[in-house]
2 protein chains.
Amino acid sequence: MAYELPLGDAERLRKQIEAGPDNIWRYAPLLPVPADVASKPSLNPGFTKLVKADNLARELGVTGALYVKDDSGNPTHSFKDRVVAIAVEAARAFGFTTLSCSSTGNLAGAVGAAAARAGFRSCVFIPHDLEQGKVVMASVYGGDLVGIEGNYDDVNRFCSELIGDPLGEGWGFVNVNLRPYYGEGSKTLAYEICEQLGWEIPDQLVIPIASGSQLTKIDKGLKELIALGLVEDKPYKIFGAQAEGCSPVSAAFKAGHDVVRPQKPNTIAKSLAIGNPADGPYVLDIARRTGGAVEDVDDVQVVESIKLLAETEGIFAETAGGVTVGVTRKLIEAGLLDPSLTTVVLNTGDGLKTLEAVAPTTGQSAVIRPNLESFREAGLA
Amino acid sequence: MAYELPLGDAERLRKQIEAGPDNIWRYAPLLPVPADVASKPSLNPGFTKLVKADNLARELGVTGALYVKDDSGNPTHSFKDRVVAIAVEAARAFGFTTLSCSSTGNLAGAVGAAAARAGFRSCVFIPHDLEQGKVVMASVYGGDLVGIEGNYDDVNRFCSELIGDPLGEGWGFVNVNLRPYYGEGSKTLAYEICEQLGWEIPDQLVIPIASGSQLTKIDKGLKELIALGLVEDKPYKIFGAQAEGCSPVSAAFKAGHDVVRPQKPNTIAKSLAIGNPADGPYVLDIARRTGGAVEDVDDVQVVESIKLLAETEGIFAETAGGVTVGVTRKLIEAGLLDPSLTTVVLNTGDGLKTLEAVAPTTGQSAVIRPNLESFREAGLA
């Protein structure tokens, strides 16, 4: 499963990629996967839409090209399908028979689905008091779903204990003992964005921060494309986005610190609610090195931004997408993000999974009797 | 907006299609849309995955190739994005300014999203007592969502009245006055299936029946591909799938009738719950002419089939997908569908929108304390 970047003939590599399948396996030569990976049973995630967001650009005062990379188009509707797909191939190579993870929702569903299709048993661990919708989604694929009496940190600790115990023999935890493979999956976001822009690096990227892994791997992916000669070397700025209720990296960035002080999360953006982000220091380094920044928005702005994206582009994002869109607006207002350049904003999940965030501020405009008079009275014609 | 099939140079047409965008606009020459349609703001639905379902095949005793055409990958996660996209282009050509529809859920969301992106106002009508999740999804895109005190038939009647009234001037109802365009969108399912099979018609297709329009348009699409020389002419069988609680077409098929007697729907497969399907007689004709059949399954089988598809292929279908998978199993057992041939089963929607169907039979396998002893006691290792 070791791999080396295929340096050398960039033109040949580009053609090979472009002739590949419409999913992340088109980048197989750049990933820690076997060469025949595309023929294995997989959910085949990736190659999601890069949406030119002209309506949103107008609303935000962006005069350059604005794009939304919409990962809600993945098989289980979040970017987690990318990272899990790579971990599954590693699990296959290592001879693991059970796939597992600690999760607060998106990841549990992604692992359950990928395991079902790839022929693994799955057993995933969640805090026992998750919303019913997430429990249904995570358990419908037929694997075991185990609720842990405790919070996400307790779940994580338990998983680490299980790995070291004979009970956990043959188990691959995608975000623990398979994490080095898992993480590489996020590079495909960088590859796709550049390929979809005609093999060009965008000037600016706005990326959500949970553990920070995704942001660091996108930076890694961009550097690889440059090293391979697939894109021209040019400066780019990476911006990190957090929710105010869980903003340890943003706080460190603003304070000029190199280390990240853990926080106790309290935000509706639960998929980003990691109070002690493992890759926080690397995120700080990347934001500073590239001339970017890390910013946060409060929950009201998250909801407003989910609705703004839906109303302008017809994309219904989960809370993490509200965070990136909201932070983009804030960065423009602060003069940190240049509205005249090409910008890509990530939406990493699906609004259907976080309905409760927008439920209080959406609903029927009117309820009428089934006749024209009643409709006229409602004043909506 | 009139169009003629571009008969003549099949090879040239095939190359043009294959070089087109990864969405339904690759088939623009075969659709009632302007030639530059791909450059208009649209959700760009289509070209969803055709999943080779080997695990499901084993479970169903299928020895031939079995595929699931998974339309949950569309932008708002149902096949409705296809039909709405065509209707939007017609609305643009006719100068309509407001997009509308009568809906029980999926369509309302698809119209709201497409209108937002394409720059139309939207005002959609639903029965006032829909589930909150569907209301949120349909209203998040910022258009007006009007609840009608009554059932879906009342909503439909009201829409027809509104079209004839000055209040409805400039309004395009995608499934009423734009229906001829709307319907054509379903042909793209046939085009994609054949292209994804290497320009071959599958031996057998299993298609859900609501109004019956989708099934008739898929048959139309297959015939067009043959006429155009894009695929070889060969016999194919079309099977229709209904839920027992709303099975007017299945009942007529089994009774040998040419007409369909309306039923009062009572099934969890709400997206198929049309008791008086407009295209029922045409469906009967197609099923009989091609040597197919129409069958139905009860709600218990719908839920079992949703779970079977999830557990074998990692695809979480809405109830309509449970109907097609369940009917496929029933048709094989009855000897009506040949398990040694190539079969394509449609999944037209997303399980996240019908969570309540599987909620009672899914959930946590166990709830444990965060320690190994507690996990050992649960007996899941």
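Fair warning: this is a prediction, and the values are worked out from it, not measured in the lab.

Analysis parameters
Residues numbered from 1 in each chain as written. Chains lettered and ligands numbered in written order. Predicted model: local features only at pLDDT ≥ 70, side-chain atom pairs only at ≥ 80, totals over all residues. Heavy atoms only, no water. Helix = DSSP H or I, 4+ residues; strand = E, 2+ residues; numbered from the N terminus. Buried < 20%, exposed > 50% of the residue type's maximum accessible area, 1.4 Å probe, protein only. Areas by Shrake-Rupley, 256 points an atom, 1.4 Å probe, with all protein chains shown as cover. Lys, Arg positive; Asp, Glu negative; His and termini not counted. Charge placed at Lys NZ, Arg CZ, Asp CG, Glu CD. Salt bridge = Lys/Arg side-chain N within 4 Å of Asp/Glu carboxyl O. Contact = heavy atoms within 4.5 Å. Buried area = accessible area lost by both parts, 1.4 Å probe. Polar contact = N/O pair within 3.5 Å; in protein donor to acceptor, adjacent residues only side chain to side chain. Nonpolar A, V, L, I, M, F, W, Y, C, P; charged D, E, K, R; others polar. Pairing = 2+ DSSP bridges. Phe/Tyr/Trp six-rings, centres within 6.5 Å; stacked < 30°, edge-to-face > 60°. Least-squares fit on C-alpha atoms with pLDDT ≥ 70 in both. Axes fitted to C-alpha atoms, helices over the stretch in contact; angles between N-to-C directions. Parallel < 35°, antiparallel > 145°, perpendicular 65-115°, else oblique. Left-handed = near helix turned anticlockwise from the far one by under 90°. Domains from an automatic or database assignment. Expected span 1.5 Å × (residues − 1).

Digging into the overall build of chain A
Within chain A, the secondary structure is distributed over 15 helices and eleven strands. Per-residue burial for chain A yields a buried fraction of 62% across its 381 residues. Summed over its atoms, the accessible surface of chain A is roughly 13,500 Å², and 49% of this surface lies on carbon and sulfur atoms. Taking the average location of the 35 positive side-chain charges in chain A and that of its 48 negative ones, the two points are 2 Å from each other.

Comments concerning the pattern of salt bridges
Residues and elements named next belong to chain B. Enumeration over the complete set of coordinates arrives at 47 salt bridges over all chains. The residue arginine 14 makes a salt bridge to glutamate 11 at a minimum N-O spacing of 2.9 Å. With arginine 14 and glutamate 11 both in helix H1 (residues 10–18) and three residues apart, the pair spans about one turn of that helix. On the basis of relative accessibility, which here comes to 18%, the residue arginine 14 falls in the buried class. Since its relative accessible area comes to 40%, glutamate 11 is described here as partly exposed. Notably, a salt bridge pairs arginine 82 with glutamate 192, separated by 2.8 Å at the nearest N-O pair. In this pair, arginine 82 sits in helix H3 (residues 80–94) while glutamate 192 sits in helix H8 (residues 187–196), placing the two residues 110 residues apart along the sequence. On the basis of relative accessible area, glutamate 192 is assigned to the buried category, the value being 0%.

Remarks on the interface of chain B and chain A
Chain B puts 72 residues into the contact, and the matching count from chain A is 72 residues. When chain B packs against chain A, the two sides together hide about 6,000 Å² of surface, and 62% of this comes from carbon and sulfur. For the pair chain B and chain A, the number of links is four salt bridges. Close ionic contact of arginine 376 of chain A with aspartate 165 of chain B constitutes a salt bridge, the shortest N to O distance being 3.9 Å. Counting across the chain B and chain A interface gives 28 residue pairs in polar contact (both at pLDDT 80 or more). Class assignment of the residues belonging to the side of chain B that touches chain A gives a composition of 37 nonpolar, 18 polar and 17 charged. Judged from the three bridges that link them, strand E11 (residues 366–368) of chain A and strand E5 (residues 144–148) of chain B form a sheet pairing that is parallel. In the sheet register, valine 367 of chain A faces E5 of chain B, and the bridge partner there is glycine 147 of chain B.

What to know about the packing of aromatic side chains
Residues and elements named next belong to chain A. Using the criterion set out here, one finds 20 aromatic pairs over all chains in the structure. Residues tyrosine 27 and tyrosine 191 carry aromatic rings whose centres are separated by 5.1 Å and whose planes lie at 50 degrees to one another, so their mutual orientation is tilted. Of this pair, tyrosine 27 sits in the loop between helix H1 (10–18) and strand E1 (50–52) while tyrosine 191 sits in helix H8 (residues 187–196); the two residues are 164 residues apart in sequence, bridging distant segments of the chain. On the basis of relative accessible area, tyrosine 27 is assigned to the buried category, the value being 0%. Overall, the relative accessible area of 0% leaves tyrosine 191 in the buried class.

A few points about the relation of the copies chain B and chain A
The transform that puts chain B on chain A rotates by 180 degrees and translates by 0.0 Å along the axis, for an RMSD of 0.0 Å. Overall, the copies show the geometry of a two-fold rotation axis. Residue glycine 73 of chain B, judged by its C-alpha, is the member of chain B lying nearest the rotation axis, at 3.0 Å. Here 100% of the contact residues of chain B are again contact residues in chain A; the copies associate through an equivalent surface.

What to know about the packing of H8 of chain B against helix H9 (residues 213–228) of chain B
Residue and element names in this part refer to chain B. Direction vectors running N to C along H8 and H9 enclose 50 degrees, while the axes themselves pass 7 Å from each other. It follows that H8 is oblique to H9 by the angle criterion. Handedness of the crossing formed by H8 with H9: right-handed. Counted together, Lys187, Leu189, Ala190, Tyr191 and Cys194 of H8 and Gln214, Lys217, Ile218, Lys220, Gly221, Leu222, Glu224 and Leu225 of H9 form the full contact between these two elements. For the contact of H8 with H9, the class distribution of residues is seven nonpolar, two polar and four charged.

A short note on the domain arrangement of chain A
All names here are of chain A. When cut into domains, chain A gives domain 1 (10–76 + 186–360) and domain 2 (80–181). If you average the C-alpha positions of domain 1 and of domain 2, the two centres end up 24 Å apart. Each side of the interface is counted separately: domain 1 has 31 residues, and domain 2 has 21 residues. Counting each side, the surface lost to burial between domain 1 and domain 2 is near 2,000 Å², with a carbon and sulfur contribution of 56%.

Structural notes on H3 of chain B
Residues and elements named next belong to chain B. With 15 residues, H3 should cover 21 Å at 1.5 Å per step; its first-to-last C-alpha distance of 21 Å lies within 8% of that length. Of all 15 residues in H3, twelve are buried, a share of seventy percent or more. For H3, every residue scored as buried is listed here: Lys80, Asp81, Arg82, Val83, Val84, Ala85, Ile86, Ala87, Val88, Glu89, Ala90 and Ala91. As for H3, its buried residues are in contact with strand E2 (66–70), strand E3 (98–100), helix H4 (106–118), helix H7 (179–184) and H8. Count one or two residues on from H3 and you reach glycine 95, which has phi positive near 80 degrees.

As for the sheet that holds strand E10 (residues 343–347) of chain B
Residue and element names in this part refer to chain B. Ordered by their spatial adjacency, six strands build an open sheet running E1-E2-E10-E7-E8-E9, and the pairing between neighbours is mixed. Edge positions in the sheet fall to strand E1 (50–52) and strand E9 (294–297), since each of these pairs with one other strand and no more. Here the average twist between neighbouring strands, direction ignored, is 25 degrees. Two strands pair when backbone bridges link them, and strand E7 (residues 204–208) and E10 are joined in this way by three bridges, in the parallel orientation. Opposite valine 206, over in E10, you have valine 345 as the bridge partner. Packing of helix H11 (residues 280–290) onto the sheet brings it into contact with strand E8 (237–243) and E9, and relative to E8 it is tilted by some 135 degrees.

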